[in-house]
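Structural overview for review
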Amino acid sequence: MSKNYYDPADLRKFGEITEWSEELGTKFFDYYGKVFEEGALSAREKSLIALAVSHVVKCPYCIDAYTKDGLQRGITKEEMMEAVHAGAAIESGATLVHGVQMMNKYKKLSM
């Protein structure tokens, strides 16, 4: 049997983080719940954003959770993949724009 560092069963244990820091854990879950309520953005839109961000921050637990959440909200596989590509494009762009810092430094040091 193969053992992975990220055990999908651990996602169900997320609520247990309050055991070692009840006050902060509770405040986090209150905040988290409030963020994902309907507001200027729909819960569906927030789910797509969360799915894209989950990929950018490379959280397998979040990817599992927001893929499931998206399916429950009627989000299509095409919408999910487009959201993932949007996140990937921003992440790639953020990496590449730091190339300007490298170019500036190179020019300064090579003068």
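Looking at an unreviewed UniProt entry, the protein chain carries the name Alkylhydroperoxidase/carboxymuconolactone decarboxylase family protein, with the source organism given as Christiangramia gaetbulicola.

Here we take up the packing of aromatic side chains. Following the criterion strictly, the structure yields eight aromatic pairs and no others. Their ring planes at 75° and their centres at 5.4 Å tell us that Tyr-6 and Tyr-61 sit as a pair that is edge-to-face. Residue Tyr-6 is found in the segment before α1 (22–35), and its partner Tyr-61 is found in helix α3 (residues 60–72); the two are separated by 55 residues along the sequence. One aromatic cluster is present, formed by Phe-14, Phe-28, Phe-29, Tyr-32, Phe-36 and Tyr-66 through successive ring pairs.

It is worth spelling out the UniProt feature "domain: Carboxymuconolactone decarboxylase-like" (unreviewed entry) in the protein chain at this point. As annotated in UniProt, the feature "domain: Carboxymuconolactone decarboxylase-like" (unreviewed entry) corresponds to residues 23–101 in the numbering used here. Helix makes up 81% of residues 23–101 and strand makes up 0%, while its end C-alpha atoms are separated by 41 Å.

What counts and how
Residues numbered from 1 in each chain as written. Predicted model: local features only at pLDDT ≥ 70, side-chain atom pairs only at ≥ 80, totals over all residues. Heavy atoms only, no water. Phe/Tyr/Trp six-rings, centres within 6.5 Å; stacked < 30°, edge-to-face > 60°. Helix = DSSP H or I, 4+ residues; strand = E, 2+ residues; numbered from the N terminus. UniProt positions renumbered as here; feature names shortened; annotations may be inferred.

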